[in-house]
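Close look at the chain arrangement
Listed here are the chains, written in short residue letters.
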Amino acid sequence: MSNPSPVSNESIAPSSPETEPSRDYAERFVHSLKGPTQFLSFWGAIALPFVHLPLLAQGLGDPSVTLTFLLLLAANVLALYVGHGYNS
């Protein structure tokens, strides 16, 4: 009866210390952008409806005006979503 050879750890890659600092740096970078992004989104969500007013006063009969209005509306909804947690 032969004894099986012990399992070697050669197939397991050693954890490199270089991955942790880069991950930590990326997390800090993303976290540092969160505040300014929420600030700009919050105030953009407040300002964008004033851009809608001239488009609505002109009328939405022209397809390019309608498309512009819908794109601005989508940008406003996105700004509301991103900026909703600002200063809370």
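Just above, that's the structure.
In this text, all values refer to a predicted model and were calculated from it rather than measured experimentally.

Reading guide: rules and limits
- Residues numbered from 1 in each chain as written.
- Predicted model: local features only at pLDDT ≥ 70, side-chain atom pairs only at ≥ 80, totals over all residues.
- Heavy atoms only, no water.
- Helix = DSSP H or I, 4+ residues; strand = E, 2+ residues; numbered from the N terminus.
- Expected span 1.5 Å × (residues − 1).
- Buried < 20%, exposed > 50% of the residue type's maximum accessible area, 1.4 Å probe, protein only.
- Arc of directions from axis to C-beta.
- Salt bridge = Lys/Arg side-chain N within 4 Å of Asp/Glu carboxyl O.
- Contact = heavy atoms within 4.5 Å.

Our next topic: helix H2 (residues 63-83). In a regular helix each residue adds 1.5 Å, so 21 residues correspond to 30 Å; H2 covers 30 Å between its end C-alpha atoms and thus fits that length. If you check which residues of H2 are buried, you get Val65, Phe69, Leu72, Asn76, Ala79 and Gly83. Buried residues in H2, looked at end-on, bunch into an arc of 85°, giving them a common side. Away from its buried face by more than 90 degrees, H2 exposes Pro63, Leu71, Val77, Leu78 and Tyr81.

This part takes up the pattern of salt bridges. For the coordinates displayed, the defined rule picks out one salt bridge. With a closest N to O distance of 3.7 Å, arginine 28 and aspartate 24 form a salt bridge. Taken together, the residues arginine 28 and aspartate 24, both in helix H1 (residues 19-58) and four residues apart, mark about one turn of the helix. The class for arginine 28 is exposed, based on a relative accessible area of 52%.

Moving on: the side chain of serine 41. One can find serine 41 in helix H1. Take serine 41: its relative accessible area is 13%, and that puts it in the buried class. In this structure serine 41 touches Ala79, Val82 and Gly83, once residues within four positions along its chain are discounted.

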